[in-house]
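Summary of structural features
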Amino acid sequence: MDTYHKYLPTSQADEKWGLTLLDVGYGTIPEAYTYPNEQQHPAAYRFKWEQGRILQEYQLIYISAGSGIFESTNGGKITIREGAVILLFPGEWHRYKPQDRTGWSEYWVGFNGKIADNLIRHSFFSKKKPVFFTGVRPDIIRLYQDIVDYTRHERSGYQPLVSGCVLYLLGLVYSLSKQQALSRTDDDHQQLVQKATALLRENVETKVTIEEIADQLKISYSLFRKVFKKYSGIAPGQYLLQLKIDRAKHLLLYTDKLIKEIAYDLNFESEYYFSKFFKEKTGVSPLTYKKSYSPKH
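Everything in this summary refers to the structure shown in the same document. In this text, all values refer to a predicted model and were calculated from it rather than measured experimentally.

Right, let's get into the pattern of salt bridges. For the structure on display, the rule yields eight salt bridges. Among the salt bridges present, the one from lysine 276 reaches glutamate 280, with a minimum N-O distance of 2.9 Å. In this pair, lysine 276 and glutamate 280 both sit in helix H9 (residues 271-282), four residues apart, roughly one turn of the helix. Classification of glutamate 280 by relative accessible area gives exposed; the value is 54%. Here the salt bridges do not stand alone but share partners, grouping Arg142, Asp146 and Asp149 into one network.

See the structure below:
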């Protein structure tokens, strides 16, 4: 990939559109290269790693290859890998650079406008979370390339066109970040259900309630019930009862305990209720089950 950068003039008419493109560029930074190259950019954009920089615009930077580090006042220090998108905010101190051993390939756009301000004001993006990991995506690269193509000749009316590309780019990054958040939530929920099933198995012979299990997992009962059923296909209460039936089968076949003792051990209200429930679930009474399937039979 060669290098390209362009700093663009804007008019009052452009600014009335609500979003204006101020600069755009791309390039590959080789291994062990002094970054950034201060000779290539206007003074307002230059910075040294030791001092960092504050811009008066937004920038959206996409790292398509390589790795590095980013740091900002509110975002802290973040390791950057390929597929990362960095959002810079006006007035926010920051600095970033590729690792010497890898270098990186970067695309960026700088912009300002009420539309961008509105997105921040309504918390679509936050200074505390300035980095998104979208992966290496041809659609993101294509958007940057389209913006570059439109700015090479600055044809009449190009600003609203490229600002639309920038807004689409922001929307795509936001959408991908939400999808990844949902994926992480799915993973968290699956782990929660695994913990819950382990707790239920450990407490099959206690008087534990589903509400108490939810409390141990630090989740509301209603959400716990919903998540558990989604990932296991059965409500937690029904799952616990099934565990009790399985445990009862084992006790009937491999111990000399009386049916009323098993009912008591498994915290059923009575021997009658236990026997009734057991027959509903297995098709036979506890006594018939013991006589029919016992290894001693």
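Still more ground to cover, so stick around.
Taken across its 15 residues, strand E3 (residues 58-72) has 12 buried, putting it largely inside the fold. Direction of pairing for E3 relative to strand E7 (residues 104-112): antiparallel, over a ladder of eight bridges. Paired with isoleucine 61 across the two strands is tryptophan 108, which belongs to E7. Pairing between E3 and strand E5 (residues 84-88): five bridges, direction antiparallel. Each residue of the ladder has a partner; that of isoleucine 63, found in E5, is alanine 84. Strand direction decides the pairing type here: E3 and strand E4 (residues 76-81), joined by six bridges, are antiparallel. Following the sheet pairing, glycine 68 is matched in E4 by isoleucine 80. Where E3 folds back onto E4 in an antiparallel hairpin, the turn is made up of three residues. Inspection of the sheet shows E3 paired to strand E6 (residues 94-98) by five bridges, in the antiparallel sense. Within E6, the position partnered with serine 72 by the bridge is histidine 94.

Before going further, it helps to examine the nonpolar core. Here is a general trend for soluble globular proteins: nonpolar side chains tend to be buried in one another's company. Residues Leu21, Leu60, Val109, Phe111, Tyr144, Ile147 and Val166 are the most contacted members of the largest nonpolar core, which totals 34 residues. When neighbours within four sequence positions are excluded, leucine 60 is seen to be in contact with Val85, Ile86, Leu87, Tyr107, Trp108, Val109, Phe111, Tyr144, Leu169, Leu170 and Val173. Core analysis: the next-biggest nonpolar cluster, separate from the first, contains 18 residues, Ala196, Leu199, Val204 and Phe228 among them.

Once that is clear, we can look at unusual backbone geometry. Peptide bonds are, in most cases, trans, and in most cases residues other than glycine have a negative phi. In the Ramachandran plot, serine 123 falls in the positive-phi region, its phi being about 65 degrees despite a non-glycine side chain. Counting through the fold element by element, serine 123 comes out in the loop between helix H2 (114-121) and strand E8 (131-133). Despite not being glycine, glutamate 154 shows a phi value in the positive range, around 50 degrees. With respect to the secondary-structure elements, glutamate 154 resides in the loop between helix H3 (138-153) and helix H4 (158-202). Glutamate 154 gets classed as partly exposed once you look at its relative accessible area, which sits at 31%.

What counts, and where the lines are drawn
- Residues numbered from 1 in each chain as written.
- Predicted model: local features only at pLDDT ≥ 70, side-chain atom pairs only at ≥ 80, totals over all residues.
- Heavy atoms only, no water.
- Salt bridge = Lys/Arg side-chain N within 4 Å of Asp/Glu carboxyl O.
- Helix = DSSP H or I, 4+ residues; strand = E, 2+ residues; numbered from the N terminus.
- Buried < 20%, exposed > 50% of the residue type's maximum accessible area, 1.4 Å probe, protein only.
- Pairing = 2+ DSSP bridges.
- Core = buried A, V, L, I, M, F, W, Y, C linked by side-chain atoms within 4.5 Å.
- Contact = heavy atoms within 4.5 Å.

By themselves, these figures tell us nothing about what the structure is for.
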